[in-house]
Amino acid sequence: MAANKLFTKVRTDGRIGEPKVCVKCGKMFTYLGFGHFYCPVCKERDAEDFAKVRDYIYENGVASALEVSEATGVSLKVIEQYLREGRLEIPESSPIFIKCEKCSIDIRSGRLCPECATSLSNAMRIEMNFDNEQIGAVPKKLEGKMRYLTKK
Ligand SMILES: [Zn+2]
Ligand SMILES: [Zn+2]
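Residues numbered from 1 in each chain as written. Chains lettered and ligands numbered in written order. Predicted model: local features only at pLDDT ≥ 70, side-chain atom pairs only at ≥ 80, totals over all residues.

Caption draft 1: Expanded view of the overall build of the chain. When helices and strands are counted, the chain shows 5 helices and 4 strands. Counting the 152 residues in the chain, one finds 20% classified as buried. For the chain, restricting intrachain contacts to residue pairs at least 6 apart in sequence, the fraction spanning at least 24 positions comes to 36%. (Helix = DSSP H or I, 4+ residues; strand = E, 2+ residues; numbered from the N terminus. Buried ≥ 20, exposed ≤ 12 C-beta atoms within 10 Å, placed from the backbone. Contact = placed C-beta atoms within 7 Å.)

Caption draft 2: Broad picture of helix 3 (residues 76-84). The complete set of buried residues in helix 3 reads I79, Q81, Y82, L83 and R84. The inward-facing, buried residues of helix 3 contact helix 1 (40-60), helix 2 (65-72) and strand 3 (98-99). Positive phi shows up at G86, right after helix 3, with a value of about 80 degrees.

Caption draft 3: Representation of the environment of I57. Topologically, I57 is positioned in helix 1. Here I57 falls in the partly exposed class, since 17 other C-beta atoms lie within 10 Å of it. Each C-alpha atom, one on I57 and one on V68, is 7.6 Å from the other, the two residues being 11 residues apart in sequence. When neighbours within four sequence positions are excluded, I57 is seen to be in contact with A63 and V68.

Caption draft 4: Region of interest: unusual backbone geometry. With a phi angle near 65 degrees, S104 is a residue other than glycine that sits in the positive phi range. Note on S104: 10 C-beta atoms within 10 Å, which makes it exposed. The residue N129 is not glycine, and still its phi comes out positive at about 55 degrees.

Caption draft 5: Layout of the packing of helix 1 against helix 2. Closest axis-to-axis distance for the helix 1/helix 2 pair is 10 Å, and the angle between their directions is 115 degrees. The handedness of the crossing between helix 1 and helix 2 is right-handed. Across from K52, V53, Y56 and I57 in helix 1, the residues of helix 2 making contact are V68, A71 and T72. Taken together, the residues of the contact of helix 1 with helix 2 break down into 5 nonpolar, 1 polar and 1 charged. (Axes fitted to C-alpha atoms, helices over the stretch in contact; angles between N-to-C directions. Left-handed = near helix turned anticlockwise from the far one by under 90°. Nonpolar A, V, L, I, M, F, W, Y, C, P; charged D, E, K, R; others polar.)

Caption draft 6: Local environment of the confidence of the model for the chain. For the chain, the average pLDDT comes to 80, and 81% of its residues sit at 70 or higher. Here strand 1 (residues 19-21) is the element of the chain with the lowest mean pLDDT, 83, and helix 4 (residues 114-119) is the one with the highest, 96. (pLDDT = per-residue confidence, 0-100.)

Caption draft 7: Representation of the environment of A63 in the model. Counting through the fold element by element, A63 comes out in the loop between helix 1 and helix 2. In this structure, the C-alpha to C-alpha distance between A63 and S94, residues 31 residues apart in sequence, is 9.1 Å. Discounting residues that sit within four places of it in the chain, A63 has contacts with Y56, I57 and V68.

In structure tokens form, the structure reads like this:
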């Protein structure tokens, strides 16, 4: 999906001093290392936004993405991006998770479940701009919690 491109974090093919297109605003800038392909303006905004989200969770404990978004003013899209980048993680107790991009199993952060990640060849990793921080833990099924099971 084209929209997912926005969430990718590239570390492998960025050479310092190379002109790059910012993944957020689309402007050209000179790459100076440090992971994400954000231009200096977006990078600064991103650092501020991430600090707001991190501080909110630190002070208030576990919160849903919607609560965090409403309290911090950081958009849900940006919060999902942090999840996909492996910078935030959904707690085990959450009723909602994000999906593995390959097999659609629930994961707590990142883009792929550990099983799909190990099945990727190096060429596929490069093509998908995938790195190990984007491997998400699969939530454990909570014992003793009632779940609705569909009858076969
Ligand atoms: Zn930018
Ligand atoms: Zn998977």
